[in-house]
Amino acid sequence: MEPSPSEAPWTLSAPASLVLLSGQEIGDAEALRIVLLELVVRRSLKLSVETGRRMLVFPRQEYVISSGPNVALHVGGPMQRVLDIMTMLKTKTYPSGVRGVPVKMLAYEVLKK
């Protein structure tokens, strides 16, 4: 017996689903946000907040993406492209020991290509 459409597993990634539902109305930055979110959920990437240089009195917080335990798994499509670009970027080691790339730098590199 074949499963009904409501029982069939959803096989599209979150970014593909978003584009399917929203069409071309979705912006590049929003699509990239969803790609990064899915990669973090899949544990291909790890997101952390690091404290950077101080701005006046308050320390500056920087969002950092680093490789997760499942980074070697092939995810395909646009998500794989983001992972490939991330591995080409120069990483920085933060005082907490995290070695990664600032999210702003990764977003800039992905969106310019």
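All figures in this text were calculated on a predicted structure; none of them were measured in a lab.

Turning next to the overall build of the chain. When its secondary structure is counted, the chain shows four helices and four strands. Within the chain, the proportion of its 113 residues that are buried is 34%. Of the contacts made within the chain by residues no fewer than 6 positions apart, 49% connect residues no fewer than 24 positions apart.

Once that is clear, we can look at helix α4 (residues 103-112). Of all the positions in α4, only L106, A107, E109 and V110 are classed as buried. Projected down its long axis, α4 shows its buried positions confined to an angular sector of 165°, all on one face. For α4, the exposed residues set more than 90 degrees away from the buried face come down to K104 and Y108. Buried residues along α4 sit in contact with α2 (28-41), β2 (58-67), α3 (77-88) and β4 (99-102).

Below, the discussion takes up the pairing of β4. With two bridges connecting them, β2 and β4 associate as antiparallel partners. Its bridge partner lying in β4, V64 is registered against P102. Bridge analysis of strand β3 (residues 92-93) against β4 gives two bridges, and the strand direction is antiparallel. Looking at the pairing, K92 lines up with G100 of β4. In this antiparallel pair of consecutive strands, β3 and β4, the connection spans five residues, and G97 shows a positive phi of 100°.

About the thresholds
Residues numbered from 1 in each chain as written. Predicted model: local features only at pLDDT ≥ 70, side-chain atom pairs only at ≥ 80, totals over all residues. Heavy atoms only, no water. Helix = DSSP H or I, 4+ residues; strand = E, 2+ residues; numbered from the N terminus. Buried < 20%, exposed > 50% of the residue type's maximum accessible area, 1.4 Å probe, protein only. Contact = heavy atoms within 4.5 Å. Arc of directions from axis to C-beta. Pairing = 2+ DSSP bridges.

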